[in-house]
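Structural characterization, general
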Amino acid sequence: MLSTNTGPSRAEELLFLASQAARKAYAPYSHFRVGAALLCADGEVITGANVENRSFGLTNCAERSAVFAAVSAGKKEFAAIAIACIDSRKPVSPCGACRQVLSEFAGKDFPVYFRGKKEEIVATTLGELFPYDALHELRRE
Ligand code: THU
């Protein structure tokens, strides 16, 4: 369980859990291990890792692994996500497909933290990464 309060310690803790999850990645093709830690509204953290396939297009990113695991466990409300790539010097942001999937369950203020194996941390929001989200625009009408 993790506090759903915002703050730098929460980001660091989630990023630590994401980097632990990255160690479980199945990435024999890219050798690019990514982990995600998804903080659920109830305080539980559900992690995911990238799972590659020899048919490359079937690869699942860490972020989607975490979201699909969480929804499969009955969770649909989320407070934040952290992504850690332990094979990149630079912070790695979610791909377009993962931004779309996150937007299914999270709004524009949803915090997204990401880092590589160095100290640099990016803290942003889903709205920054995925603006002009038609789904949420339509829901407001
Ligand atoms: N990958 C992720 O899991 N998340 C990201 O945010 C970026 C990319 C994975 C997909 C693939 O297994 C590997 O990283 C190289 O693209």
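Now for a look at the structure at hand.

Conventions used here
Residues numbered from 1 in each chain as written. Predicted model: local features only at pLDDT ≥ 70, side-chain atom pairs only at ≥ 80, totals over all residues. Heavy atoms only, no water. Near = heavy atom within 4 Å. Polar contact = N/O pair within 3.5 Å; in protein donor to acceptor, adjacent residues only side chain to side chain. Areas by Shrake-Rupley, 256 points an atom, 1.4 Å probe, with all protein chains shown as cover. Nonpolar A, V, L, I, M, F, W, Y, C, P; charged D, E, K, R; others polar. Buried < 20%, exposed > 50% of the residue type's maximum accessible area, 1.4 Å probe, protein only. Helix = DSSP H or I, 4+ residues; strand = E, 2+ residues; numbered from the N terminus. Contact = heavy atoms within 4.5 Å. Patch = residues over 30% accessible without salt bridge, like charges linked within 9 Å, V, L, I, M, F, W, Y side chains within 5 Å. Salt bridge = Lys/Arg side-chain N within 4 Å of Asp/Glu carboxyl O. Pairing = 2+ DSSP bridges. Lys, Arg positive; Asp, Glu negative; His and termini not counted. Charge placed at Lys NZ, Arg CZ, Asp CG, Glu CD.

1. Brief notes about the site of the ligand
Not every one of the 13 residues close to the ligand is listed here, only the nearest: Asn50, Glu52, Ala62, Glu63 and Ser93. Between the ligand and asparagine 50, the relevant distance is 2.9 Å, taken from an oxygen atom to a side-chain nitrogen or oxygen of the residue. Between the ligand and serine 93 there is a distance of 3.2 Å, counted from an oxygen atom to a backbone nitrogen or oxygen. Relative to its free-state accessible area of 370 Å², the ligand is covered by the protein chains to the extent of 80%. The residue makeup of the shell around the ligand, split by class, is 7 nonpolar, 4 polar and 2 charged.

2. Some remarks on helix α2 (residues 62-72)
Taken as a whole, α2 has its buried residues at Ala62, Glu63, Arg64, Ser65, Ala66, Val67 and Ala70. Contacts from the buried residues of α2 go to β1 (34-40), β2 (45-49), β3 (78-85) and α3 (96-105). One or two steps after α2, the chain reaches glycine 74, where phi turns positive at roughly 95°.

3. What about the side chain of threonine 124?
Looking at where threonine 124 falls in the secondary structure, it is placed in strand β5 (residues 121-125). When neighbours within four sequence positions are excluded, threonine 124 is seen to be in contact with Phe110, Pro111, Val112, Phe114 and Leu129.

4. Concerning unusual backbone geometry
Among all residues except glycine, the phi angle is most often negative; among peptide bonds, the trans geometry is most common. Even without a glycine there, the phi angle at histidine 31 is positive, about 55°. Turning to its location among the elements, histidine 31 is positioned in the loop between α1 (8-22) and β1. For histidine 31, a relative accessible area of 57% translates into the label exposed. A positive phi angle, close to 55°, is found at tyrosine 132, a residue other than glycine. In this fold, tyrosine 132 is placed in the loop between α4 (126-129) and α5 (134-140).

5. A look at a nonpolar patch on the surface
Taken together, Tyr26, Tyr29, Val51 and Phe56 make up a surface patch of nonpolar side chains, about 430 Å² in accessible area. Among the structural elements, phenylalanine 56 can be located in the loop between β2 and α2. Residue phenylalanine 56 is classed as exposed on the basis of its relative accessible area of 58%.

6. Considering the pairing of β5
When strand β4 (residues 111-115) meets β5, the two strands line up antiparallel, connected through 5 bridges. Opposite valine 112, over in β5, you have threonine 124 as the bridge partner.

7. As for a positive patch on the surface
On the surface, a cluster of positive charge is made up of Arg89, Lys90, Lys117 and Lys118. Taking relative accessible area as the criterion, lysine 90 reaches 57% and is therefore assigned exposed.

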